[in-house]
Amino acid sequence: MRRLFWLGIGLAVGVVVVRKATRTAQAYTPAGIAGGLSQSAGGLVESLRSFVEDVRIGMAEREQEIHEAFARGEAFDDQFTELREDPRIGDREIFPEDHQR
């Protein structure tokens, strides 16, 4: 009975090892490499599409806020006005003269 138990364990481990080795070998065949690249490229394209869609949604929301403020007769709330008017902000502060080319 004990020998039968260990034989079953050995067969199960053997099957798992062979299946794993077969999958790994398949991944390194030309078809497997092409499939992996295809999946990677597909994932990259999908991520890029998702990013572009998020940007478009954000732009549409901000545009709607601006239109609503304009319809109410309110001044446009530009959060960067102070930065543009500050004389200390600019290329010289960001890139000191001794580092400019």
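None of the values given here were measured: they were computed from a predicted structure. (Residues numbered from 1 in each chain as written. Predicted model: local features only at pLDDT ≥ 70, side-chain atom pairs only at ≥ 80, totals over all residues. Heavy atoms only, no water.)

**A few points about the overall build of the protein chain**
- The secondary structure content of the protein chain amounts to four helices and zero strands.
- Scanning the protein chain from its N terminus toward the C terminus, one meets helices and strands in the order α-α-α-α.
- Buried positions account for 2% of the 101 residues belonging to the protein chain.
- Carbon and sulfur atoms make up 62% of the accessible area of the protein chain, which totals about 9800 Å². (Helix = DSSP H or I, 4+ residues; strand = E, 2+ residues; numbered from the N terminus. Buried < 20%, exposed > 50% of the residue type's maximum accessible area, 1.4 Å probe, protein only. Areas by Shrake-Rupley, 256 points an atom, 1.4 Å probe, with all protein chains shown as cover.)

**Description of the packing of aromatic side chains**
- What the rule picks out here adds up to one aromatic pair.
- The interplanar angle of 75° and the centroid separation of 5.2 Å between the aromatic rings of phenylalanine 5 and tryptophan 6 together place this pair among those described as edge-to-face. The pair formed by phenylalanine 5 and tryptophan 6 is uniform in burial state, with each residue classed as exposed. (Phe/Tyr/Trp six-rings, centres within 6.5 Å; stacked < 30°, edge-to-face > 60°.)

**As for a nonpolar patch on the surface**
- Among the surface-exposed residues, Phe5, Trp6, Ile9, Val13 and Val17 lie close enough to one another that they form a single nonpolar patch of about 520 Å² accessible area.
- The residue valine 17 is located in helix H1 (residues 2–27) in this model. (Patch = residues over 30% accessible without salt bridge, like charges linked within 9 Å, V, L, I, M, F, W, Y side chains within 5 Å. Salt bridge = Lys/Arg side-chain N within 4 Å of Asp/Glu carboxyl O.)

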